[in-house]
Amino acid sequence: MPAVGSSDVSIRVLSRRLVKASDPSLQPHVVTFSNLDLYPDNVQASIVCLYPKLSTKSGPGGGFDAVVSTFEAVLPTLLNHFYPLAGRIVVNPSSGVPELHCHNQGAELVVGEVGVALGSLDYGLAEESLKKIMMPYPEDVTLSVQLLSFACGGFSVVWANNNLLNDGNAITMCVRMWSELARTGGSIATVGAVSVNHDRSMFRPRNPPAYSDALDAMFATYDDHRTVNALTAAASFVERLYYVEAADIAKLRDMATVTELQRPSRVQAVSAYLWKVLAAVVAACRVPEERCCMGWMVDARRRVKSPELIPAMRNYFGNVTAYALGGAAVEEIRRKPLAEVAAMVRDTITSIDYDEYLQDLVDWVEVHKTEHVMEKGVLGLGSPTLNQTVFASFPLDTNFGFGDAALALPICDYGRLCSGYLSVGARPGGDGSWLLSAYIWPQMAAALESDGVFKPLTAEYLGLTVTP
């Protein structure tokens, strides 16, 4: 099936409503964001899920109307567990700092239809596929659930949220609990999960704030006058969607293994491969550059050691993300075998004292609370940096009664960032393959696509083509 152009994709909105939590015991209140919430800033992000054509046996009734009915029936129960997602972000006029007003204003539920088939979209290009089926929503809204039916009988679910409230671990926990609740008809007793923890008070700044010089050097304040202009950013980066098959990940792990006792993880092996590709691209650049860097957004829930934090982190809904940055000479990365680069990746991520890092970051943000702040490596300052956030590390259940999604990927707008960024998701169904959203330099895209490991995503691979 030939791919359709973006101009051919138009959404007809059928309904837009607010869905409120159903628990009458929830009282209106104002939530103070933790400093770990404030530093990612007020940025909208989404998890986009695509589902193939519904069979007559899928779900109660088997059609898109049944999908909509499920959300209408069960979403209020989900919001009982994640009540901040029914609130609104409001900037405090006195402090200039955003806060969360939990008055059960309601999450958005938008229903629409698209007059093309899912299989007709060009999935190699984010702008020609996933970004075309994401609808705008108000900046103060904390959750907009967007349901679209397609001409082929398939449908999409977009979980549009805001980074002030949650990181990748937290929003995937929400989607996972949604699937459990929906499959059981909204029965809380059958979910079997520990109560979601919304207590942000555990991340308090010290008095006075204190932080290391190393952490201070890692971050920068910025505004639109201190970033590159829009044309330069747009011309310097492309947005691609890729898949990496489980067999190729396994091969990279084998190549990066010295002994079975030092076998790298999947993330470490693929990261080492990416670092070597980046080094080759930088070496070929017409502008001389001696170093290149890799950065990882690390879920610190799994890495803290404090007896107070460990139990609280299990089902914590908020931001607990740390940034691990590794840098090296371009020629060193090119010269070293994959196993040694994988060891560098491992050492970069594991050498951090995450308890100390989180407290230092809380204190640093306290000093810069009213400013826009970001890691220099993400902003694009200094040496070329390729960053990763690995959603594939978070368990994600997309089957809410209508089968597994064909795709589930985090998608966001990168604005004027001048660093590379990969968002990595697991292919639903558990075959071990990865799906990736990539914001990268054109030279990096060309290098990845020429090597055969990162393959442009297609409707055929996702199983979204429909045979007449």
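Anything mentioned here points back to the structure above.
This structure is a prediction, so every number in the text was calculated from the model and none was measured. (Residues numbered from 1 in each chain as written. Predicted model: local features only at pLDDT ≥ 70, side-chain atom pairs only at ≥ 80, totals over all residues. Heavy atoms only, no water.)

A. Spotlight on the overall build of the protein. Scanning the protein from N- to C-terminus turns up 14 helices and 18 strands. Rg of the C-alpha trace for the protein: 22 Å, near the compact-globule value of 23 Å for 468 residues, within the 12% margin. Over its C-alpha atoms, taken along the principal directions, the protein stretches across nearly 60 × 60 × 50 Å. In the protein, buried positions account for 54% of the 468 residues. When contacts within the protein are restricted to residue pairs at least 6 apart in sequence, those whose partners lie at least 24 apart make up 81%. Accessible area of the protein: about 19600 Å², with a carbon and sulfur share of 52%. (Helix = DSSP H or I, 4+ residues; strand = E, 2+ residues; numbered from the N terminus. Rg over C-alpha atoms; globule rule 2.2 N^0.38 Å. Buried < 20%, exposed > 50% of the residue type's maximum accessible area, 1.4 Å probe, protein only. Contact = heavy atoms within 4.5 Å. Areas by Shrake-Rupley, 256 points an atom, 1.4 Å probe, with all protein chains shown as cover.)

B. Inspection of the layout of surface pockets at higher detail. Considering only enclosed or pocket space, the second largest pocket measures out at about 550 Å³ in volume. As for the second largest pocket, its lining consists of 24 residues, of which V282, C285, P384, W441 and Q443 are closest to the centre. Contributing elements (two or more residues each) for the lining of the second largest pocket: α5 (230-236), α7 (266-283) and α13 (442-451). Considering every element that reaches the lining of the second largest pocket, the biggest residue donor is α7, with 3 residues. A per-class count over the lining of the second largest pocket returns 13 nonpolar, 9 polar and 2 charged. (1 Å grid on protein atoms, 1.4 Å probe; cavity = no way out; pocket = protein on both sides within 12 Å on 5 of 7 lines; lining within 4 Å. Points joined across faces, edges and corners; volume = space filled by probe spheres on them. Nonpolar A, V, L, I, M, F, W, Y, C, P; charged D, E, K, R; others polar.)

C. Here's a closer look at helix α3 (residues 168-183). Its 16 residues place the ends of α3 23 Å apart at the C-alpha level, agreeing with the 22 Å of an ideal helix rising 1.5 Å per residue. Within α3, 13 of the 16 residues are buried, which leaves it mostly tucked inside the rest of the structure. (Expected span 1.5 Å × (residues − 1).)

D. Expanded view of helix α2 (residues 64-81). An ideal rise of 1.5 Å per residue puts 26 Å on 18 residues; α2 measures up with 26 Å between its terminal C-alpha atoms. Along α2, the largest kink reaches about 40 degrees and is centred on V74; proline P76 follows within four residues of it. Within α2, 14 of the 18 residues are buried, leaving the element largely enclosed by the surrounding structure. (Bend = angle between axes of the 7 residues up to and from the residue.)

E. Region of interest: empty space enclosed by the protein. Scanning the entire structure with this criterion turns up 1 cavity of 30 Å³ or more. By volume, the largest cavity is sized at about 30 Å³. Lining the largest cavity are C49, Y51, F71, V157, W159, V175, W178, S179, T398 and F400. Broken down by secondary-structure element, the contributors of at least two residues to the lining of the largest cavity are β3 (44-51), β8 (155-162) and α3. If you tally residues by element for the lining of the largest cavity, the top one is α3, at 3 residues.

F. Summary view of the side chain of H198. The residue H198 is located in the loop between α3 and α4 (213-218) in this model. Overall, the relative accessible area of 13% leaves H198 in the buried class. Excluding residues within four positions of it along the chain, H198 makes contact with H81, F82, Y83, P84 and F317.

G. Main features of the sheet that holds strand β12 (residues 321-329). With mixed pairing, the 7 strands of this open sheet are ordered in space as β12-β11-β14-β16-β17-β10-β18. At either end of the open sheet lies a strand with only one pairing partner, and these are β12 and β18 (455-456). Seen against the sheet, α13 touches β10 (238-244), β14 (385-390), β17 (434-440) and β18 and runs at an angle of roughly 20 degrees to β10. (Pairing = 2+ DSSP bridges. Axes fitted to C-alpha atoms, helices over the stretch in contact; angles between N-to-C directions.)

H. Looking closely at the sheet that holds strand β15 (residues 407-412). On the basis of which strands lie adjacent, the open sheet formed by 6 strands has the order β1-β6-β7-β8-β3-β15 and mixed pairing. Each edge of the open sheet is held by one strand with a lone partner, namely β1 (11-19) and β15. Direction aside, the axes of adjacent strands within the sheet are offset by 20 degrees on average. Lying over the sheet, α2 contacts β1, β6 (107-114), β7 (143-150) and β8, oriented at roughly 170 degrees with respect to β7.

I. Inspection of the packing of aromatic side chains at higher detail. Summed over the entire model, instances satisfying the criterion amount to 24 aromatic pairs. Both rings, one in F71 and one in F400, keep their centres 5.3 Å apart while their planes meet at 70 degrees; by these two values the pair is edge-to-face. Taken as a pair, F71 in helix α2 and F400 in the loop between β14 and β15 lie far apart in primary sequence, 329 residues in all. Between R427 and the ring centre of Y461, over which it is positioned, the NZ or CZ distance is 4.1 Å. (Phe/Tyr/Trp six-rings, centres within 6.5 Å; stacked < 30°, edge-to-face > 60°. Lys NZ or Arg CZ within 6 Å of the ring centre and 35° of its normal.)

J. Here's a closer look at the state of the cysteines. One pass over the full model with this rule turns up 0 disulfides. Of all cysteine sulfurs, the one in C174 lies closest to C49, which takes part in no disulfide; the gap is 11 Å. Among the cysteines around C418, which has no disulfide bond, C285 carries the closest sulfur, lying 13 Å off. (Disulfide = S-S within 2.5 Å.)

Limitation: the analysis is restricted to geometry and does not speak to function.
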